[in-house]
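Descriptive structure summary
Listed below are the residues making up each chain.
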Amino acid sequence: MFGADKGTANLLDGKKFSIGIVQARFNEGITNALYAACHAELLALGVQAKNITHVTVPGALEVPVALQAMAERDDFDALIALGCIIRGETYHFELVANESGASVSRLSLDYQIPIANAILTTENLEQAVARQTEKGQDAARVAVEMAHVLEHIG
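Here the structure is a predicted model, which means the values were calculated and not measured.

**Comments concerning the overall build of the chain**
- A count of helices and strands for the chain gives four helices and four strands.
- When its helices and strands are written in sequence order, the chain yields β-α-β-α-β-α-β-α.
- Against the globule reference of 15 Å for 154 residues, the chain gives a C-alpha radius of gyration of 15 Å, in line with a compact fold.
- Principal axes of the C-alpha set define a box for the chain whose edges measure 45 × 30 × 25 Å.
- In the chain, which comprises 154 residues, the proportion classed as buried is 44%.
- For the chain, long-range pairs separated by at least 24 residues make up 80% of all intrachain contacts whose partners lie at least 6 apart in sequence.
- Of the roughly 8,100 Å² of accessible surface on the chain, 51% is carried by carbon and sulfur atoms.
- Of note, the chain has its 11 positive side-chain charges centred 4 Å away from the centre of its 19 negative side-chain charges.

What follows is the structure, encoded as structure tokens:
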């Protein structure tokens, strides 16, 4: 939820982690802002720039296949999905939102790798703009925290 109390995490030191980011180009103004906020937060958390891999794909439905290719390489401690789906006048919004979200979750479970899902699903452009920075930052924090969690479990 936008502006929700997310609690406090203690596991936000990213110095030793390698992070992969897949960014959809559709609604590029929003996804570029998501990426900028995410990348800046990863650096602030100590992830080294050389350990951040960034790829772009056409849209939200293509994000999972790039995430899967990264997961199969086994070079990453966590992955991040960035995209923006804005409701239109057709059922296409639901299809893209549901399929991309389910695919990202399934990949995370299948490959046992944390994937921070910051594919925004909004009613309009104004909502997307309002969320782009916070959600980009959140994705970076989630990726680093979950990389720690899985490291401690494993």
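Picking up where we left off.
**Remarks on the nonpolar core**
- Ranked by internal contacts, the top residues of the largest apolar core, which has 24 residues, are Ile19, Ile21, Cys38, Leu42, Ile80 and Leu82.
- Contributing elements (two or more residues each) for this core: β1 (19-24), α1 (28-44), β3 (78-86), β4 (115-122) and α4 (125-153).
- In terms of residue count, the dominant contributor to this core is α4 (six residues).
- Not counting the four nearest positions on each side in its chain, cysteine 38 is found in contact with Ile21, Ile80, Leu82, Gly136, Gln137, Ala139 and Ala140.
- Residues Val57, Phe76, Val104 and Ile113 belong to the second largest nonpolar core, which totals 21 residues.

**Concerning helix α3 (residues 92-111)**
- Here α3 contains 20 residues, and its C-alpha end-to-end distance of 28 Å stays within 8% of the 28 Å for a straight helix at 1.5 Å per residue.
- The complete set of buried residues in α3 reads Phe93, Val96, Ala97, Ser100, Gly101, Ser103, Val104, Leu107 and Ser108. Taken down its axis, α3 places every buried residue within 160° of arc, on the same side. Residues of α3 that are exposed and point more than 90 degrees away from the buried face comprise Leu109 and Asp110.
- Buried residues belonging to α3 abut α2 (63-73), β3 and β4.
- A positive phi of about 50° marks glutamine 112, the residue just after α3.

**Quick notes on the state of the cysteines**
- The final tally for this structure, using the stated rule, is zero disulfides.
- No disulfide involves cysteine 38; its sulfur sits 15 Å from that of cysteine 84, the nearest cysteine.

**Overview of a nonpolar patch on the surface**
- A grouping of Val142, Met146, Leu150 and Ile153 is seen on the molecular surface, where their side chains present a nonpolar patch of about 340 Å² in accessible area.
- One can find valine 142 in helix α4.
- Residue classification places valine 142 among the partly exposed residues on the basis of a relative accessible area of 38%.

**Brief notes about α2**
- Listing the buried residues of α2 in full gives Val63, Pro64, Ala66, Leu67, Met70 and Ala71. The arc that holds every buried residue of α2, seen down its axis, measures 160°, which confines them to one face. Opposite the buried face of α2, by more than 90 degrees, sit the exposed residues Val65 and Glu72.
- Positive phi shows up at aspartate 74, right after α2, with a value of about 60°.

Each value, and the rule that gives it
- Within each chain, residues carry numbers counting from 1 in the order of the written sequence.
- Selection of residues for local features in this predicted model requires a pLDDT of at least 70, selection of side-chain atom pairs for listing and counting requires 80 or more, and totals for whole chains, interfaces and linings are taken over all residues.
- Water and hydrogen atoms were dropped before computing side-chain values, which therefore reflect all heavy atoms in the structure.
- Put simply, DSSP H or I for four residues or longer makes a helix, DSSP E for two residues or longer makes a strand, and each gets a number counted from the N terminus.
- Here the globule rule reads 2.2 Å times residues to the power 0.38, and the radius of gyration is calculated from C-alpha atoms.
- Burial classification: accessible surface area is computed with a 1.4 Å probe over protein chains only, and a residue below 20% of its type maximum counts as buried, one above 50% as exposed, and the rest as partly exposed.
- Here a residue-residue contact requires only that any non-hydrogen atoms of the pair lie within 4.5 Å.
- Using a 1.4 Å probe, accessible areas were evaluated by the Shrake-Rupley method; residue-level cover was limited to the displayed protein chains.
- For the purpose of charge, His is not counted, nor are the chain termini; Lys and Arg are scored as positive and Asp and Glu as negative.
- Lysine's charge is taken at NZ, arginine's at CZ, aspartate's at CG and glutamate's at CD.
- Within this scheme, the nonpolar core is defined by two criteria: the residues are buried Ala, Val, Leu, Ile, Met, Phe, Trp, Tyr or Cys, and they are joined through side-chain atoms within 4.5 Å.
- Helix span is expected to be 1.5 Å times the residue number reduced by one.
- Starting at the helix axis, one direction is taken to each C-beta atom, and the arc is that of these directions.
- In this description, a disulfide is simply a cysteine sulfur pair whose atoms lie within 2.5 Å.
- Two distance rules govern patches: like charges are joined within 9 Å, and nonpolar side chains (Val, Leu, Ile, Met, Phe, Trp, Tyr) within 5 Å, applied only to residues with over 30% relative accessible area and no salt bridge.
- Salt bridges are defined as contacts in which a side-chain nitrogen from Lys or Arg sits within 4 Å of a carboxyl oxygen from Asp or Glu.

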